[in-house]
Amino acid sequence: MEKETILIGLSGGVDSAASAVILKDKGYRVIGATMIVWDPSLPVPEGPYQKNACLSPEKEDLQEVEDIARKLGIEFVKVDCRDPYRRAVLDNFRLEYSCGRTPNPCVLCNSLIKFGVLPSAAEKQGIKFDKFATGHYARVEFDEKSGKYLLKKAKDLSRDQSYFLHRLTQRQLSRVLFPLGEMTKPEIREIARKAGLEVADKEDSQDFYCGDYNDLLNFPSKPGDIVTLDGQAVARHEGLWHYTIGKRKGLGISGFKTPMYVVRLDAAKNQVVIGPKEALYAQKLTADKVSWVAGEAPAQEFRCEIKIRNLHNPAKAAVRVLENGRIEAAFDEPQMSITAGQSAVLYNGDIVLGGGIIE
C-alpha cells in the first residue's frame, strides 16, 4: 500500500527541516511548501536585522529552504500568502496597537495563514496531499470516547508551542501532523546533522518581524500624558504603542521612591498609567473571541489552568462562559501583567481547551 503524501511547511529552520527528514524516513512522500508573506512595500530595517524572523526580506531565506528540499530530494513549492497575511495579521497588528492593546500576531498567523491559507492555496495550485505537517512542538491525538481531536502540549515542555496553536479547529487538527511532539531539541538537531543539513545548528527564530515594531506600525506621533494611578501627570509620551504592560525602563520619569511600571494603557484618554509593582497584579480577566478546540466549551463553569502569555507558568483559575464568545476567569492567586491583546490559553493538564483575546 502506497504511503500518504504529506505537505510540510518549510521555514528554513532546523525544526521544519528535521520534521521533513522524519516523515521521509517513515516512507511518506513529502512535499515542502513555504509561505511568501514579505511585501516589498514593508520597511527594510537599516543595518543588521533579524534574518531568522518570520517576517523578513525572504530572498536568502527562500534559498535556504530550496537548498534543504534539494538536499532531501523532495518536491518544493512557494505559496503566495501576502494578501491574506497583510489583511489577517498585519492589519490586525496595527489596529490592536492603535487601540492601546498588545497583540500576539503569531496566534493569528498560525490559525489563519499557516494552517489555513497555506494548505488551501497549495491545493488550489493543484498540489495533492493527504495531510499537512509543521515543525511545531505540540501533539495531536484522536479521542475515541468524545470523537474529537485533542491538541496537547509537547513532551518537552521547555519547547512546547501549543499556546500558539490553540485556535486550530477540529477540521485543521484532523489533517495535521506534528513530527516533533514527542522529541527534544537536541534530538532534532542530531537528526538534521545526520541528514547533512547545514541548518542543524541554526539559531531559532526569535520574533515575528525582523526590525523595530515602530517601523512596521509607522504611526504618526500622538502625544499624551504619562500619569500616576491618582491621575497626576508626570511626563509625556509620543504614542501608546511605544508601551506595554509591565514596562519599566525608558519611561522618562524620576523622583519616585519605588520603581514605577506601566500598569494600564488608557486609549480613550490617550494616557499611559504608571504605578508600583504591586499594581501590576490582578486576580480576574475577561477574554473575547474565544475559540474552543473541541468546538464548544467543556461546561458553562469549570476549573482549569491558564497561560496569559507564552512563557507564563499556567495558573489555576475558575472560568465562567459568558455570552457573545467571551469568558471570565478568576485566578486562585493574583497574576502579574495581564495584558489586553494577548491570548489567554486554557489547559486541562496537557490538553489545550481553547483560548481568547484578553480584554
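Attention in this report is confined to the structure presented alongside it. Everything numeric in this text was worked out from a predicted model, so none of it was measured.

Some words on the nonpolar core
For step 1, the next point in the chain: Formed by 46 residues in total, the largest nonpolar core has its most connected members in L55 and Y85.
For step 2, the next point in the chain: When residues of this core are traced back to their parent elements, those giving at least two are β2 (29-36), β3 (75-80), α3 (82-98), α4 (105-124), α7 (213-217) and β16 (343-348).
For step 3, the next point in the chain: Per-element tally for this core: the top contributor is α4, with seven residues.
For step 4, the next point in the chain: Once residues lying within four places of it in the same chain are set aside, the contact partners of L55 are V37, W38, L42, Y85, L90, F208, Y209, C210 and L216.
For step 5, the next point in the chain: With 28 residues, the next largest nonpolar core counts I6, A69, L180 and V199 among its residues.

Regarding helix α6 (residues 185-194)
For step 1, the next point in the chain: When we look at burial in α6, the residues that qualify are K185, I188, R189 and A192. Projected down its long axis, α6 carries its buried residues within an arc of 95°, all on one side. More than 90 degrees from the buried face of α6, the exposed residues found are P186 and K194.
For step 2, the next point in the chain: Those residues of α6 hidden inside the fold are in contact with α1 (14-25).
For step 3, the next point in the chain: Following α6 by one or two positions, G196 has its phi on the positive side, about 75°.

Quick notes on the sheet that holds strand β8 (residues 224-228)
Neighbouring strands of a sheet are bound in pairs by backbone hydrogen bonds; such pairs are parallel or else antiparallel.
For step 1, the next point in the chain: Ordered by their spatial adjacency, four strands build an open sheet running β9-β8-β11-β10, and the pairing between neighbours is mixed. Among the strands making up the open sheet, the edge pair consists of β9 (233-237) and β10 (261-266). Neighbour to neighbour, the strand axes of the sheet diverge by 30° on average, direction disregarded.
For step 2, the next point in the chain: Sheet topology note: the β8/β9 ladder contains four bridges and is antiparallel. Looking across to β9, one finds that I226 is bridged to A235.

Reading the values: the criteria
- Residues numbered from 1 in each chain as written.
- Predicted model: local features only at pLDDT ≥ 70, side-chain atom pairs only at ≥ 80, totals over all residues.
- Heavy atoms only, no water.
- Core = buried A, V, L, I, M, F, W, Y, C linked by side-chain atoms within 4.5 Å.
- Buried < 20%, exposed > 50% of the residue type's maximum accessible area, 1.4 Å probe, protein only.
- Helix = DSSP H or I, 4+ residues; strand = E, 2+ residues; numbered from the N terminus.
- Contact = heavy atoms within 4.5 Å.
- Arc of directions from axis to C-beta.
- Pairing = 2+ DSSP bridges.
- Axes fitted to C-alpha atoms, helices over the stretch in contact; angles between N-to-C directions.

That's the geometry; what it means functionally is another story.
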